[in-house]
Amino acid sequence: NKYLGDKRWDWHMETGLNKYLGEKGWDKLQPHQVWFPCMGCKNSYCNKKELCLLMKEIDPSYCFSLPEDRDLLLEGMRQRHSMQQEQLWVLKEDFPDKHKHVGTGINFIKSETELPSNEDQNSGGYLVQPLVNHKMGEGIYQRRRHELKMYISVTSTSPLRVYTYSITGYFANAQIDDADPLDQCSAVIDRNHMKKSCHTNATFYEHRSFDQFAENVGITHSEKQIFIERTNELIGKVIVQAQPTVQNNVVNKGIAMSGAACFSFLRVDFAMTDSIVPYIYEINEFPFANAKGHLGWVEQKAYRDLFIMMGLDHEPMDALERSKYEMDHLGGWTPVVIDDVIFRKGGNLSSAVDTYAEYRKKEGLGEIETTNS
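All values derive from a computational prediction rather than experimental measurement. (Residues numbered from 1 in each chain as written. Predicted model: local features only at pLDDT ≥ 70, side-chain atom pairs only at ≥ 80, totals over all residues. Heavy atoms only, no water.)

Draft legend 1. Inspection of the pattern of salt bridges at higher detail. As enumerated under the stated definition, the model contains 14 salt bridges in all. When the shortest N-O distance is used, the salt bridge between Glu23 and Lys19 registers 3.3 Å. Here Glu23 pairs with Lys19, and both are found in helix H1 (residues 16-24), just four residues apart, close to one helical turn. A relative accessible area of 41% means that Glu23 is categorised as partly exposed. Put simply, Glu68 and Lys49 hold a salt bridge, and the shortest N to O gap is 3.7 Å. One end of the pair, Glu68, is in the loop between strand E2 (64-66) and helix H3 (70-82); the other, Lys49, is in helix H2 (residues 48-58), with 19 residues separating them in the sequence. Assessed through its relative accessible area of 57%, Glu68 is described here as exposed. Lys49 sits in the buried class, given a relative accessible area of 6%. One network of salt bridges, in which partners are shared, links Glu147, Lys149, Arg267 and Asp269. (Salt bridge = Lys/Arg side-chain N within 4 Å of Asp/Glu carboxyl O. Helix = DSSP H or I, 4+ residues; strand = E, 2+ residues; numbered from the N terminus. Buried < 20%, exposed > 50% of the residue type's maximum accessible area, 1.4 Å probe, protein only.)

Take a look at the structure:
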């Protein structure tokens, strides 16, 4: 069978059903068929380099793309050095075909001497970002970096429809050490990539609801709402910016022509700055579907609500009917872009998904472990 292949990851769509539909034409899909995922992500916002370029259209200070911005980056680094202003930087490496994820391809640097050689920079796979100041809490949460996560779904690329689902957060195991601010125990949030010598504590690395996170960092209810709105709007702007690339993907164009549907389930990793604004690290195209604890609880509900919102258990709908159906069956999802327009309506705290502690109690699982391990 010419459509069989031995590739585990068919990134170039050269085998199996991908090859078959590529030859027959994606516009031959039927209106009742749903394709996963919508395409174009890895060449746009799911690629660190392309995300950098998209974000620069929104915030020119977000990143420096190498080698294009090399002179500008060096000027900024040297200026801060001459003024004795310490600025830490994040060096990232990524290419559409490298599929780096889970914290790989990321290094923290202090000066230009730690940059790759000009020859390596000329490969076009590097970018540099300033390490932003996180919103810090009081007491045990003072001087402790964090990471936030939010799920994203795309249910149509033509017209574009995007939704977000709740925010969870967790903290670094160690407080920032002034003597070594880039020490892995305080700079690396993902404990899977932390030095074995780092002392781990579930009080910090366990995912928690956004309500709990907000209490940890000491922001008010109105500040929570403002931050959620800012986050949704920023995600909407990024994905809208990528539309020319995404809509021109041959798969997406065929799906739109056929009247079929597609959907993507994504996750954005980001932080809250000390100005209470979101700062995006990356957008993951295929987040692991086996998360544990509160994050796993949110993830499971997000999937269930997504399938209900899309009407996968409903008789096939005309493409024009899907937008209204989704808006009538949001569940915990919040509309961000509806039919190519950024949806500006108050943030949704999705309090229904913040009941993981109650779930554990109901199932006899006990309280969340918070002792040192």
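After that view of the structure, there is still more to cover.
Draft legend 2. Highlighting a nonpolar patch on the surface. Taken together, the side chains of Val34, Phe307 and Leu312 make up a nonpolar region of the molecular surface, amounting to roughly 230 Å² of accessible area. Along the chain, Leu312 falls in the loop between helix H11 (293-310) and helix H12 (319-328). (Patch = residues over 30% accessible without salt bridge, like charges linked within 9 Å, V, L, I, M, F, W, Y side chains within 5 Å. Areas by Shrake-Rupley, 256 points an atom, 1.4 Å probe, with all protein chains shown as cover.)

Draft legend 3. How the structure looks around the sheet that holds strand E4 (residues 106-109). Within the open sheet, the four strands sit side by side as E2-E5-E3-E4. Their pairing is antiparallel. A strand with exactly one partner marks an edge of an open sheet, and here the two such strands are E2 and E4. In this sheet, neighbouring strand axes are inclined to one another by 25° on average, regardless of whether the strands run parallel or antiparallel. The sheet contact formed by strand E3 (residues 89-93) and E4 spans four bridges and is antiparallel. (Pairing = 2+ DSSP bridges. Axes fitted to C-alpha atoms, helices over the stretch in contact; angles between N-to-C directions.)

Draft legend 4. The side chain of Arg208, seen in detail. Along the chain, Arg208 falls in strand E8 (residues 208-209). No salt bridge is formed by the buried Arg208, whose closest oppositely charged neighbour, Glu206, lies at an N-O distance of 7.3 Å. A polar contact of 2.9 Å, which involves the side chain of Arg208, links it to the backbone oxygen of Glu206. Setting aside chain neighbours within four positions, we find Arg208 in contact with Tyr141, Ile167, Thr168, Gly169, Tyr170, Phe171, Ala202, Thr203, Phe213, Asn216 and His294. (Lys, Arg positive; Asp, Glu negative; His and termini not counted. Polar contact = N/O pair within 3.5 Å; in protein donor to acceptor, adjacent residues only side chain to side chain. Contact = heavy atoms within 4.5 Å.)

Draft legend 5. Quick peek at the nonpolar core. Counting residues in hydrophobic clusters, the biggest one holds 57 residues, and the most contacted among them are Tyr45, Val238, Ile280 and Ile283. Looking at this core, the element that brings in the most residues is helix H8 (residues 221-241), giving six residues. Ignoring sequence-local partners within four residues, the contact set of Ile280 consists of Leu51, Tyr62, Gln129, Leu234, Val238, Val268, Asp269 and Phe270. (Core = buried A, V, L, I, M, F, W, Y, C linked by side-chain atoms within 4.5 Å.)

Draft legend 6. The environment of Phe64, seen in detail. Within the secondary structure, Phe64 sits in strand E2. With eleven residues separating them along the chain, Phe64 and Leu53 place their C-alpha atoms 8.8 Å apart. Setting aside residues up to four positions removed in sequence, Phe64 forms contacts with Cys52, Asp69, Leu72, Leu73, Trp89, Leu127 and Val128.

Draft legend 7. Here's a closer look at the packing of H2 against H8. Relative to each other, H2 and H8 sit at 115°, their axes nearing to 9 Å. When the axes of H2 and H8 are compared, the crossing they make is right-handed. Facing H2, whose interface residues are Leu51, Leu54, Met55, Glu57 and Ile58, H8 presents Leu234, Lys237, Val238 and Gln241. A breakdown of the residues in the contact of H2 with H8 according to their chemical character gives six nonpolar, one polar and two charged. (Left-handed = near helix turned anticlockwise from the far one by under 90°. Nonpolar A, V, L, I, M, F, W, Y, C, P; charged D, E, K, R; others polar.)

Draft legend 8. Representation of the side chain of Asn284. Within the fold, Asn284 resides in strand E11 (residues 278-284). With a relative accessible area of 10%, Asn284 lands in the buried category. A distance of 3.0 Å separates a polar atom in the side chain of Asn284 from a polar atom in the side chain of Asp269.

Draft legend 9. Structural context of the packing of aromatic side chains. For the structure shown, the criterion picks out 18 aromatic pairs. Seen from their ring centres, Phe36 and Phe263 are 4.9 Å apart, and the 35° between their planes marks the pair as tilted. Separated by 227 residues along the polypeptide, Phe36 in the loop between strand E1 (34-35) and H2 and Phe263 in the loop between strand E9 (261-262) and strand E10 (264-272) bring together distant segments of the chain. Accessibility expressed as a relative area gives 40% for Phe36, which makes it partly exposed. Relative accessible area serves as the criterion here: at 9%, Phe263 is assigned to the buried category. Ring centres of Tyr303 and Phe307 lie 6.0 Å apart, and the angle between their planes is 40°; on these two criteria the pair is classed as tilted. Of this pair, Tyr303 and Phe307 both sit in helix H11, four residues apart, which is roughly one turn of the helix. (Phe/Tyr/Trp six-rings, centres within 6.5 Å; stacked < 30°, edge-to-face > 60°.)

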